[in-house]
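# Observations on the three-dimensional arrangement
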Protein chains: 4
Amino acid sequence: MIASRPLSELLTTLLERPTFGWKSTDSHRIREDCVKLLAERAEISGLQLAAKIFGEYDALNDAQKLAFFEFLNEDLDIDPRSVASLAEAYHDAPTPENYQALAKAVEPARQRLFRRLNEAPGATAGIVRMRQGLRELLKDHPHLARTDHDLLHLLRSWFNRGFLVMQQVSWDSPATILEKIIAYEAVHEIQNWDDLRRRLQPEDRRCFAFFHPSMPTEPLIFVEVALTKGVPNSIQTLLADTGDALTETEANTAVFYSISNCQPGLAGVSFGNSLIKQVARDLSRDLPNLKTFVTLSPIPGFKQWLKIEDTDSEETQLEKLAAKYLLTAKDEKGRPLDPVARFHLGNGAQVHALHSGADTSERGLRQSRGVMVNYLYDLNKISQRATQFSKKSTIAASSEVKALVRRA
Amino acid sequence: MIASRPLSELLTTLLERPTFGWKSTDSHRIREDCVKLLAERAEISGLQLAAKIFGEYDALNDAQKLAFFEFLNEDLDIDPRSVASLAEAYHDAPTPENYQALAKAVEPARQRLFRRLNEAPGATAGIVRMRQGLRELLKDHPHLARTDHDLLHLLRSWFNRGFLVMQQVSWDSPATILEKIIAYEAVHEIQNWDDLRRRLQPEDRRCFAFFHPSMPTEPLIFVEVALTKGVPNSIQTLLADTGDALTETEANTAVFYSISNCQPGLAGVSFGNSLIKQVARDLSRDLPNLKTFVTLSPIPGFKQWLKIEDTDSEETQLEKLAAKYLLTAKDEKGRPLDPVARFHLGNGAQVHALHSGADTSERGLRQSRGVMVNYLYDLNKISQRATQFSKKSTIAASSEVKALVRRA
Amino acid sequence: MIASRPLSELLTTLLERPTFGWKSTDSHRIREDCVKLLAERAEISGLQLAAKIFGEYDALNDAQKLAFFEFLNEDLDIDPRSVASLAEAYHDAPTPENYQALAKAVEPARQRLFRRLNEAPGATAGIVRMRQGLRELLKDHPHLARTDHDLLHLLRSWFNRGFLVMQQVSWDSPATILEKIIAYEAVHEIQNWDDLRRRLQPEDRRCFAFFHPSMPTEPLIFVEVALTKGVPNSIQTLLADTGDALTETEANTAVFYSISNCQPGLAGVSFGNSLIKQVARDLSRDLPNLKTFVTLSPIPGFKQWLKIEDTDSEETQLEKLAAKYLLTAKDEKGRPLDPVARFHLGNGAQVHALHSGADTSERGLRQSRGVMVNYLYDLNKISQRATQFSKKSTIAASSEVKALVRRA
Amino acid sequence: MIASRPLSELLTTLLERPTFGWKSTDSHRIREDCVKLLAERAEISGLQLAAKIFGEYDALNDAQKLAFFEFLNEDLDIDPRSVASLAEAYHDAPTPENYQALAKAVEPARQRLFRRLNEAPGATAGIVRMRQGLRELLKDHPHLARTDHDLLHLLRSWFNRGFLVMQQVSWDSPATILEKIIAYEAVHEIQNWDDLRRRLQPEDRRCFAFFHPSMPTEPLIFVEVALTKGVPNSIQTLLADTGDALTETEANTAVFYSISNCQPGLAGVSFGNSLIKQVARDLSRDLPNLKTFVTLSPIPGFKQWLKIEDTDSEETQLEKLAAKYLLTAKDEKGRPLDPVARFHLGNGAQVHALHSGADTSERGLRQSRGVMVNYLYDLNKISQRATQFSKKSTIAASSEVKALVRRA
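Please read all numbers here as calculations on a predicted model, not as lab measurements. (Residues numbered from 1 in each chain as written. Chains lettered and ligands numbered in written order. Predicted model: local features only at pLDDT ≥ 70, side-chain atom pairs only at ≥ 80, totals over all residues. Heavy atoms only, no water.)

### Observations regarding the interface of chain C and chain B
Where we set the bar: Residue contacts follow a heavy-atom distance rule, with two residues in contact if any of their heavy atoms lie within 4.5 Å. For any pair of parts, buried area is found by adding up, for both, the accessible area (1.4 Å probe) each one loses once the two are put together. Any carboxyl oxygen of Asp or Glu that lies within 4 Å of a side-chain nitrogen of Lys or Arg is treated as forming a salt bridge with it. What qualifies as a polar contact is a pair of N or O atoms within 3.5 Å, subject to a donor-acceptor requirement within protein and to the restriction that residues adjacent in sequence count only when both atoms come from side chains. Secondary structure elements follow DSSP: runs of H or I no shorter than four residues count as helices, runs of E no shorter than two count as strands, and numbering proceeds from the N terminus.
If you look at the interface, chain C gives 11 residues, while chain B gives 11 residues. Both faces combined, the contact of chain C with chain B buries some 930 Å², and carbon together with sulfur accounts for 47% of it. The tally of links from chain C across to chain B stands at 2 salt bridges. Joining chain C to chain B, the criterion identifies 12 residue pairs in polar contact (both at pLDDT 80 or more). Breaking the side of chain C that touches chain B down by element, the ones donating at least two residues are α10 (175–184) and α11 (193–200) of chain C.

### Observations concerning the relation of the copies chain C and chain B
For the pair of chain copies, the relating operation is a rotation around an axis with a shift along it. Put simply, the rule reads: Copy-to-copy superposition: least squares on the C-alpha atoms, limited to residues that have pLDDT of at least 70 in both copies.
Placing chain C over chain B gives an RMSD of 0.1 Å and needs a rotation angle of 180°, together with 0.0 Å of translation along the axis. Taken together, the rotation and translation relating the two chain copies correspond to the operation of a two-fold axis. Considering only C-alpha atoms, the part of chain C nearest the rotation axis is P174 of chain C, at 2.1 Å. The overlap is high: 100% of the interface residues of chain C also sit at the interface in chain B, so the same surface is used on both sides.

### Considering the relation of the copies chain A and chain B
Least-squares fitting of chain A to chain B yields an RMSD of 0.0 Å, with the superposition described by an axial translation of 0.0 Å and a rotation of 180°. Both copies present the same face, since 100% of the interface residues in chain A are matched by interface residues at the equivalent positions in chain B.

### Some details on the state of the cysteines
Here a disulfide denotes one covalent bond, and it connects the sulfur atoms of two cysteines. For clarity, the cut-off: The criterion for a disulfide is a pair of cysteine sulfur atoms lying within 2.5 Å.
By the definition in use, this model includes 0 disulfides over all chains. Unpaired in terms of disulfides, C262 of chain B finds its nearest cysteine sulfur in C207 of chain B, a separation of 8.9 Å.

### Quick notes on helix α8 (residues 123–138) of chain A
Selection rule: The span one expects for a helix is its residue count, reduced by one, times 1.5 Å. When accessible area is computed with a 1.4 Å probe and restricted to protein chains, residues below 20% of their type maximum are described as buried, those above 50% as exposed, and intermediate ones as partly exposed.
With 16 residues, α8 of chain A should reach 22 Å at 1.5 Å per residue; the first-to-last C-alpha distance of 23 Å fits that figure. Every buried residue of α8 of chain A is accounted for by A123, T124, G126, I127, V128, M130, R131, G133, L134, L137 and L138 of chain A.

### Focus on the arrangement of the chains
Here chain A and chain C are not in contact; the least distance found between their C-alpha atoms is 11 Å. No part of chain B reaches chain D; the closest C-alpha pair between them is 11 Å apart.

### Some words on the domain arrangement of chain A
All names here are of chain A. Formally: A domain assignment, automatic or from a database, supplies the domain bounds used here. When residues are grouped by polarity, Ala, Val, Leu, Ile, Met, Phe, Trp, Tyr, Cys and Pro land in nonpolar, Asp, Glu, Lys and Arg in charged, and all others, Gly among them, in polar.
Segmentation of chain A into domains returns domain 1 (7–158) and domain 2 (163–407). In this structure, domain 1 and domain 2 have C-alpha centres spaced 38 Å apart. Taken together, the contact between domain 1 and domain 2 spans 11 residues of the former and 11 residues of the latter. For the pair domain 1 and domain 2, the summed buried area comes to about 920 Å², and 62% of that belongs to carbon and sulfur atoms. Here domain 1 and domain 2 share 0 salt bridges between them. For the side of domain 1 that touches domain 2, the secondary-structure elements that each account for two or more residues are α8 and α9 (145–158). Among the elements that make up the side of domain 1 that touches domain 2, the one with the highest residue count is α8 (6 residues). When the residues that make up the side of domain 1 that touches domain 2 are grouped by side-chain class, the tally is 5 nonpolar, 3 polar and 3 charged.

### Examining the interface of chain A and chain B
Contacts between the two partners involve 58 residues from chain A, matched on the other side by 58 residues from chain B. Here chain A packs against chain B, burying approximately 4,800 Å² in sum over the two surfaces, 58% of which is carbon and sulfur. One salt bridge in this structure joins E88 of chain A and R81 of chain B, with 3.6 Å as the shortest N-O distance. Applying the counting criterion to the chain A and chain B interface returns 18 residue pairs in polar contact (both at pLDDT 80 or more). Listing elements by their share of the side of chain A that touches chain B, those giving two or more residues are α3 (43–58), α5 (80–92), α6 (96–106), α7 (109–117), α9, α13 (272–286) and α18 (382–392) of chain A. The residue makeup of the side of chain A that touches chain B, split by class, is 24 nonpolar, 19 polar and 15 charged.

### With respect to the environment of I221 of chain B
Residues and elements named next belong to chain B. Its location among the elements puts I221 in strand β3 (residues 221–228). Sequence separation between I221 and F210 is 11 residues; the distance between their C-alpha atoms is 5.7 Å. Look past the residues within four positions of I221 in its chain and what remains in contact with it is F208, A209, F210, I259, S260, N261, C262, F271, G272 and L275.

### Topic: the environment of E319 of chain A
Residue and element names in this part refer to chain A. Inspection of the secondary structure assignment puts E319 in helix α15 (residues 318–328). The spatial distance from the C-alpha of E319 to the C-alpha of I221 is 30 Å, given a sequence separation of 98 residues. Polar side-chain contacts of E319 include one of 2.8 Å to the backbone nitrogen of S356.

### Considering the packing of aromatic side chains
Cut-off, in case you're wondering: Aromatic contacts are taken between Phe, Tyr and Trp rings whose centres are within 6.5 Å, Trp giving its six-membered ring; a plane angle under 30 degrees counts as stacked, one over 60 as edge-to-face, and the others as tilted.
For the coordinates displayed, the defined rule picks out 42 aromatic pairs over all chains. On the numbers, 6.2 Å between centres and 70° between planes, the contact of F256 of chain B with Y377 of chain B is edge-to-face. You can see F256 of chain B sitting in strand β4 (residues 253–261) and its partner Y377 of chain B sitting in the loop between β7 (372–376) and α18 (382–392), a full 121 residues away along the chain. Look at Y377 of chain B and you get buried, because its relative accessible area is 2%. Between W158 of chain C and F163 of chain D the ring centres are 5.3 Å apart and the planes differ by 80°, which places this aromatic pair in the edge-to-face class. With one member in each of two chains, W158 of chain C in helix α9 (residues 145–158) and F163 of chain D in the loop between α9 (145–158) and β1 (165–168) form a pair that bridges those chains. Of the two residues, W158 of chain C and F163 of chain D, neither departs from the other in class, the shared state being buried.

This is the structure we're talking about:
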C-alpha cells in the first residue's frame, strides 16, 4: 500500500518487482502510467498521461482489466495502520495539522488518481466507463467492492444534483442524443426513428433528461411523459399512433410512462427521484391545466409473488391481488417487495389505481399478468409521504386501492 | 461529534443543551436547519432547507458566523476513536464491509452537509461564499483550519480542471461578466468601461477566463493578452491608447500582461497554470504567426529585498540586481523569494528579460522600483522545465539574464 | 438613362464622356465599379466588387457623395418613354411576356444595383448607411428624393415585420449592443453605464428591441419599460434610483417611458407600433398581474402652441390646456398637431391622463412646461381605435381628460 | 384592376359582383380577406387576417386555388393605362412626385398583398408554399405567369445571398432538419437514418446547407461532400460503408457528390453557385491539405443524345462519346445541352475527367449508361471561366478530356 511512501520510491519498486496477474507488457504499462500520473507535477504531461491511460484502458481485455482493478484495489489502497495511529494522534491533539495528516492518510491513492485522470478533456465519461467495467467484474470478484465504493463516492459528489442540467429532449434535439434515447429506453422498447418521433413530436408528448456539463451529449436518465385527459389504464392504448394529439389546454393529466437510466457506470447515483419531481414542478408551472401527475408503471415482481403465494389468480381477481401484493408484500427489511413500488413510494408517491389488461405485451404478461399500476405524485404531499415511508414504512394508497386489498 | 450517533438523537440533544457562542435565536436556527438537512430524506424539503440555510448564513453577523463555523468544526467533526478502531478492524480483515465502515467514519458530517447544500440551485456559489467567510476568520481562529481543509478538498474536486470551461471574454460578452472583469482586475486596475473596452475590443487584444458550469456568470480567473511585434518592455506603453491596433497577421508575440483570480472563496484551488497554457496552445493553433509567448510581470518583492540586502541601487544597476534577486534570492524552503517568480517558474516558464523603467505607476515604483520581467513560455519546454524546477529547484533563465547576474 | 441599353455599351460610354461633378479619380471609380457590378455575372467577382464599392463609398467626401447619388438618380433611372410604350403594349395584349418586359422597364437599374450590393457579407448595414448619407443631402437636393423613394421601398421590403426578431435587452446582453442603447436613447438621455444598469437590471425594469438577422448587433428600435404600482405621474420619480425594485407580482402596470429609433438610414420604415404591441402582448402573457399598459410621454409641441394661442398659462391651468392641445389642435391634414400624439393615437392608444410637473428637466420645461401625458394601450380596443383614428380622425380620450378639455 | 381605385370602393364592388370560378362560400372568403388585408391599417388585425388567409389557402382544393390565383392575376394587377399616362407625365417633368406616382402605379396590388401577408409569424414559408401551388398550375394556365413573375421577383429580393446563412448539417443537427435532408436528397437517395448517418458522421464526410432566418428549420439547398485521396471515379465506391474514414489531414480532395434544392416554391432563385463556392472557400481555409475541389456528377442527357446521334456506343467508346457530348452538344441558344453541365460550367467549373462504370445504379445506367463526370472548381480560375462561359460560351476542359473528344 503506497499512500504513506514517497511516490518516487514507489515508482522504482513497481518497476522492479514481478507483476501479479499481468499478462502482457501492454497491461503493465497502464499501471506504470498511473503511478507516473500520481507523481507528475507538470500540467501538460499530466493531461497527456491521462489521455494515454484511457486509451490503454480501452484496449485491455477482461483479464487485464481485472489485473488493473486489482492494482487499484490493493496497491493504491490506504495504509490502515497509519490511519489508526494518526487518528489516535488527532484524538489526543485535535490540531489542524493532525487533522490534515489524518485526512491525507484516509484517502486512498486511487481516489487521487481518478481526480488527476479527470483533468483531461472528456475524461469524466472515461471514468464512468471504467466503473462500468469494474461493476461487470464485481460479481465474481466481490473484494473489488472497496474500489467501487471509492468510485461511487466520487461520482456521487461529481454528479451532485446541483451540477445536473435538465433539458427537454424533442424532435428538435441532435440525432447524437436521440439515438441514445432509442438505445437506452429500458421499459417500452423504441423500435426505430419513426417510433421515436411518435414519442417526441406530438403536442401531447414530452421527454426530459438530466445531463452533466462534462458529458453534454450523454443523457444520464430520461423520463417519457404523455399528456392525457384522465388517468390512462393501458400502455398499448397510450403508445398507439392515433394521429390525434391533444392540445396543451385539453390535457389535465401528465403520465410518466417510462423512466430509464442510461449509464451503467453511474449505478447507485440516484437521479430518478429528482427528475420526476422537477418535471412535475415545471409542467405544473407551464401548463396550469395539468392537475394530476401519475405514472403508468409495471409491477415486475407480481407474477412471481403470485406463484409463491400459490394464490388462485382468476382474471377478475388480478387487480385485488396486485393491490394486496403492493401494499402488503415486504422484503426482509420491511420494505415493499416490488422494486418499482419501492422507488415511487420512496419518492413520496401514492398507490393510486390498478388496471388489469393494461400491458398485453409479452413482457407485461410474463412479469405481472398484464396488470399495471398508477402511482400518484401529489406535489403538496410528496415530502410528507416520503418522510413517512422512510421513517415508518407507511405505504400511501388511495381509498379505492385500500378497498381492493380488503376485498382481496 | 455526531458522525457515529443517529441523527434523530443528535437533533434532540442539540435542542436541549445550551448553545455555545450563539447570540440570538436567529443564529441558532441555521444550526438546527443544518442538522435537519443531514437527516432529511425527502428531496423537495431538502432543496428548500438548503436554500433557507444559505439565506440564514447571509444574514449572520461576524460573531454569528464564527459560531456557525465553530459548530461545523466541532459538532460536525469525525470521531477519531471510532476511526482508529475501524482502521484496526480493516487492517485485521480488509473486507469491503470494513472498508466502507471506515470510509464512512473518516468523512466528517460537515462534508456531507456541504454536498447536501449543493443540491439547491445556485448553491455552488453559496458554498464558495461560505468559504470566503471562513477564510476571513481563519487568521484569528486558526483551529477552524480543519473545516477549511475539508472545504478546500471538496472545492478542488468540484472545480477539477476537467469541469472548467475556458471562454474568451470580449466586448461581445454580457455586461454581467464584464463588470466582474473590471471589479476583479488585480494587477493593472481598469478605471471604467472605456478603459475595459480598450483591453477587449482592439484586434490585438484578448482576454480569456475559466468558468464553472454551475457559476456561469462568475469568472474564476482571467488573463489579459496583448498581441505585439516583439517582446514589450513597458506596461504603460502597452496599455496606452494609440488607436493603432496590429492585425492578427502582423503580431508575432502574445503577452500575458495581467492574470487575476476572481474568487477569494476558491483560494488554494489553482487555475493559473492551466489557463495560461491553454490560452498559449489555443492562440498558437489559431494564429500561427505567433512565435513567442511571454508575460510582462511585476516583481513585487524586489524593493523590499533591495533594502534588506542594503545594496547600492543606482538606476543603471537595477536590471542586474533584479536578475540577481529573481535567480538567487530564496525562501526558507529553497524556493524563489518572489511569489510571481514562484508561480511562473513552477509553471515551466523561463526568466527571459528584465526592463527598468517598465512600470512607472505608483505601485510599480513602490514595489520594484519600476523594473518588470518577461517570463517566457516555450511550449516545447514547459513540461521539462516545470519538472526540473519542481524536483531540483532549477531556475530556467536566458543567457542574457544569466549574464546580468554575473555582472551584478 | 441606362436601363434600356446594354450594360457593356454603357460601360464604354461612361469611360469616355466627361464626368459631371466628380472631383477626383477616386470618386470616378465607384461609379465605374457600380456599372461593372451590374454587368458582372461571376459570383465571387461580384462579392469582391460589392465590398470594394462600400469601401469607396465610405471614403467619399460630401461633394463626392452628392455626385454619387446624382449618378444613381440620373444615370441609373428608368426610361419613362420605354415604360409608356410597354404599358400600352401590355394594355393591348396582357400576356406574361409583355408583363415581364414592362416589369423590367419600370425597375430602375439602381434598384438592381442595391440588390447586387446586398449579396456581400455585412452589406445590409452598408446600404442603410448609404441611405443615411442620402437623407442628409435631401434637404438641399430635393430631386434626389426619387432615389430615396427606391431605397425606402427596398428597405421596407427587407425590414418587413416578418423578418424582425424581438429580443429583450438586459444587463446580460453583450456590451456591443448596450453601448448602442446608451448612444441611441433619444428621449431621456442615459448618462453612463451605471445609469444604463439602473434601467436594465432591477426586477421592475425591462427593455426590448427589434433586430434584423443581417444586422445582429444593431438594434433598430428599442422601448424601455418600467413595471409600477399604478400609473406614474413623473418621469424624474420613475427614473430615480430608489434601490427598491418591485417584484414581478407586485407590479400591476407596465409603463413605456421611452422609445427610440436607432437607424437614421431606416427613417420611414415604421417599427414602433409593432414593437409596443408585441411587448404589451408578451408582458401580458408572462406577467398576468399586469393589467394596465400606458406610456409616460412628452408633449413636444405644447409650449410652442401655447405661445401661438397666446393663452394665459398659469400653472393650475396647464393640464387643462395640454388636454385641449392634444384633443383639438390639428395640422393642415386634420391630424393631431403633436407628433407623439399622432404616433400613439395612430397605434390605437387613448389619451389617458395629464400631469403637470411631470418632467422638470430643462427639455421638459422648454418643450411642454413640464406637462406629460399617459397614453393607454388597451389591448382589447387598440385595433378598433386605430381604425377609427385612421378613418375618422377620432381621438380616443378618457372621461377625465375630456372633462379637462371642457373646463379649459 | 384595382390599383388605381380606393380600396373601400373595391371592397363594396367585390361583394356585389358575381364571383368568377369560385365554387364555394369558403373560397370566396379568402378573396374578401385579401382585400381587407390590403385596406387594413391596424397592425394586430393585420396579423390575424394574414394568419387567417394562410389557413384558408391551405384548405383550398385545386379548383379553388386556381380561382384564387386568377383573382391575384387579374383583380390585383396593375392598370397599364394609368401607368402609361404617369410615365408620360414623368418624362415631361421628372419630379420626385411624378416618380412616386408612377412607382406606385407600376406595383400591382398583389405585390403589396404578399408583403402584408409576410408580416405574420412564419409567413415566409407560407408564401413559398403559395408559389409552389401556383407553379403546379402554371403548365395548364400559362397566363398566371404574370403573378409568378411578381412572386419570383419578391422571393429573389427576400432570399438575397446577403440574407442567407450557411450551416453545416451534421449528426449533431436536430432531427427536424435531418429528416428533411432524407426527404429532399434528389440525386442519390438516402434510404433511412443509418444511411444518413453514414453521410454525416464519418470524419471524411460533410454536408452544408443554406438557411433563411425566417425558415430556420427548412434547408433551402444542401451539398454533400466526401473528403478523399485523389479524384473518385465511382459513386457506389464513394458511398460504400467501408468503416474506414480518412482523417482530415489524410484527405487532399473535396468531392461535391450531391447537391439538392429543397424548396419547389423557390424555383428560379439560384443558390447552388453560391453554396458550392462558399463551401469550397471554407473547406480550403479550414483544411489546408485540400488541394482539389471536384464534383462527381451525373450526365442526365447523355443516353438520350446517344440515341439521337445514333452513335455506336460500345463500352470502350463511352467516355469519348460522353466527352464529345459535354463539349459539343448544344441547345438552340448555343449552351451545353446537358443541364448539369450548364450549371457547373456557368459557375466557372471545368470538365475535368470522365469515368465509365461510375454509376451502376438503375438510374445511372438509364440516363447516362453509367458514365459520370468530374467538374473541377479551381478557386483561382472560376471567376474568369464563369465570365468566359457567360460571354463567349467557352467550355473549359482539361487536356485529357479534350484529347478524348479528338479521339471520339
